[in-house]
Amino acid sequence: MTDRDLQHAAVSLERLREHRVRPELDRSIGAVIEPMRKDLGTRFRQTGGIVDAWRAAVPDQLLARTTVRSFRRGVLTIETPDTSTRFLVHQWLRGDGLRMVSSCAPATINNVVVKVVPRTD
């Protein structure tokens, strides 16, 4: 066997070894955190910064029981855990709450939809 054949065989053997080596398992927390980070980024883009306006304007007792779900095309969607909170949010919005949120909002709010979504925690 010539020197060139030996080099060719060595290169082929190294290529074969590279393919046969199993990749090391990723044991970092990044695999768990990445889907959460993407979800939070999506939610932030959907709400368009309206969350800060909602937090600034809503009374504390309602803020603790509501979640801003989305803000698209001027429609703000709020989630509440029960119908009684939904009623209180509607009352607050009718009694000058909508004006307060609109004045803090970065975009025009045309409508507010309040949905009941039971919490599972």
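Computed from a predicted model, the values in this text were never measured in an experiment.

Analysis parameters
Residues numbered from 1 in each chain as written. Predicted model: local features only at pLDDT ≥ 70, side-chain atom pairs only at ≥ 80, totals over all residues. Heavy atoms only, no water. 1 Å grid on protein atoms, 1.4 Å probe; cavity = no way out; pocket = protein on both sides within 12 Å on 5 of 7 lines; lining within 4 Å. Points joined across faces, edges and corners; volume = space filled by probe spheres on them. Helix = DSSP H or I, 4+ residues; strand = E, 2+ residues; numbered from the N terminus. Buried < 20%, exposed > 50% of the residue type's maximum accessible area, 1.4 Å probe, protein only. Salt bridge = Lys/Arg side-chain N within 4 Å of Asp/Glu carboxyl O. Pairing = 2+ DSSP bridges. Axes fitted to C-alpha atoms, helices over the stretch in contact; angles between N-to-C directions. Contact = heavy atoms within 4.5 Å. Core = buried A, V, L, I, M, F, W, Y, C linked by side-chain atoms within 4.5 Å.

Peer 1: I would appreciate a short explanation of the layout of surface pockets in the present structure.
Peer 2: One simple way to see leftover space: roll a probe sized like a water molecule over the atoms. As a volume, the largest pocket reaches approximately 310 Å³. Taken together, 14 residues make up the lining of the largest pocket; nearest its centre are T47, V51, R55, T67 and V68. Within the residue set of the lining of the largest pocket, elements represented by two or more residues are helix 2 (30–47), helix 3 (50–57) and strand 1 (67–72).

Peer 1: I tried to follow the environment of S28 on my own but got confused; where do I start?
Peer 2: With respect to the element layout, S28 can be found in the loop between helix 1 (3–20) and helix 2. Given a relative accessible area of 42%, S28 falls into the partly exposed group. In the structure, S28 is positioned 52 residues away from T80 in sequence and 36 Å away in space, judged by C-alpha atoms.

Peer 1: So what exactly am I meant to see when it comes to the pattern of salt bridges here?
Peer 2: A side chain with one charge can pair with a side chain of the opposite charge if their charged atoms come near. Taken as a whole, this structure holds five salt bridges when the rule is applied. Across the pair R65 and D82 runs a salt bridge, and its minimum N-O distance is 2.4 Å. One end of the pair, R65, is in the loop between helix 4 (60–63) and strand 1; the other, D82, is in the loop between strand 2 (75–80) and helix 5 (83–104), with 17 residues separating them in the sequence. Residue R99 pairs with D96 through a salt bridge whose shortest N-O separation is 2.8 Å. One end of the pair, R99, and the other, D96, are both in helix 5, three residues apart, so they sit about a helical turn from each other. Relative accessible area serves as the criterion here: at 52%, R99 is assigned to the exposed category.

Peer 1: Sorry if this is basic, but what is going on with the side chain of T85 here?
Peer 2: Tracing the sequence through the fold places T85 in helix 5. Classification of T85 as buried rests on a relative accessible area of 2%.

Peer 1: Please explain the sheet that holds strand 1 as it appears in this structure.
Peer 2: Consider a sheet: its strands pair through backbone hydrogen bonds, and that pairing is either parallel or antiparallel. Pairing is mixed in the open sheet, where three strands are placed in the order 1-2-3. The sheet is open, and its two borders are formed by strand 1 and strand 3 (111–116), each paired with just one other strand. The average undirected angle you get between the axes of adjacent strands in this sheet is 20°. Two strands pair when backbone bridges link them, and strand 1 and strand 2 are joined in this way by five bridges, in the antiparallel orientation. Counterpart to F71 in the pairing with strand 2 is L76. Lying over the sheet, helix 3 contacts strand 1 and strand 2, oriented at roughly 130° with respect to strand 1.

Peer 1: I keep staring at the nonpolar core and nothing clicks. Help me out?
Peer 2: General note: in soluble globular proteins, nonpolar side chains tend to be found buried as a group. In terms of nonpolar packing, the biggest core is built from 18 residues, with I50, W54, L76, W92 and I109 touching the most fellow members. Secondary structure elements with two or more residues in this core: helix 3, strand 1, strand 2, helix 5 and strand 3. Residues contacting I109, with those up to four places away along its chain left out, are I50, F71, G74, L76, L98, V101 and S102.

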